[in-house]
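# Observations on chain architecture
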Amino acid sequence: KMEEDKGEVVGPVARDSVVLPGDVVGTLGSGKKMKLGDGIGQRGNDLIALKSGIFKIKGHKYWIDSRQKRYVPRIEDLVVGIVAETQFDHARVDIGSAALATLAYTTFEGFTNKNRPDLENGSVVYARVVLADKDMDPGN
């Protein structure tokens, strides 16, 4: 599905370039209408890649072309995720699986109650899967 009524895109990424989650693919300018498609999100005036793939432009449509399938996490997998929501003691991270992963702040090196990680929605994290079970309740 496409988002309507954005401004013109100007940016550092050329058409058909490989992008990774968190890459800035463009900046909203003023001018003509455009449509944001699959794999592109907005943070302020920046347009960011939400998944890896090829940055595509056709007319006034912008999207990330990806052959990405649903990821099934396994213990010891190294993953790149995007923070979807933050809580007091953990963050929920989209790693491309059926459910959001939980990232406890206590797992960060040097964590103390006074020294918490500064994660915001849209932050990109690199992590290792330590618990994965296909029969686990995705809500927990």
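Below or above, wherever it landed, is the structure these notes cover.

How each quantity is defined
Residues numbered from 1 in each chain as written. Predicted model: local features only at pLDDT ≥ 70, side-chain atom pairs only at ≥ 80, totals over all residues. Heavy atoms only, no water. Helix = DSSP H or I, 4+ residues; strand = E, 2+ residues; numbered from the N terminus. Polar contact = N/O pair within 3.5 Å; in protein donor to acceptor, adjacent residues only side chain to side chain. Contact = heavy atoms within 4.5 Å. Buried < 20%, exposed > 50% of the residue type's maximum accessible area, 1.4 Å probe, protein only.

### Observations concerning the side chain of Ser97
Relative to the assigned elements, Ser97 resides in the loop between β11 (90-94) and β12 (101-104). Separated by 2.7 Å, the side chain of Ser97 and the backbone oxygen of Ala99 make a polar contact. Ignoring sequence-local partners within four residues, the contact set of Ser97 consists of Arg70, Tyr71 and Pro73.

### Notes on the environment of Ala14
Tracing the backbone through its elements, the reader meets Ala14 in the loop between β2 (9-10) and β3 (18-19). Between the C-alpha atom of Ala14 and that of Val25, which follows or precedes it by 11 residues, the distance is 8.2 Å.

### What about unusual backbone geometry?
In this structure, Asp16 is a non-glycine residue whose phi angle is positive, near 65°. A relative accessible area of 43% means that Asp16 is categorised as partly exposed. In this model, Glu76 sits at a positive phi of 80°, which is unusual for a non-glycine residue.

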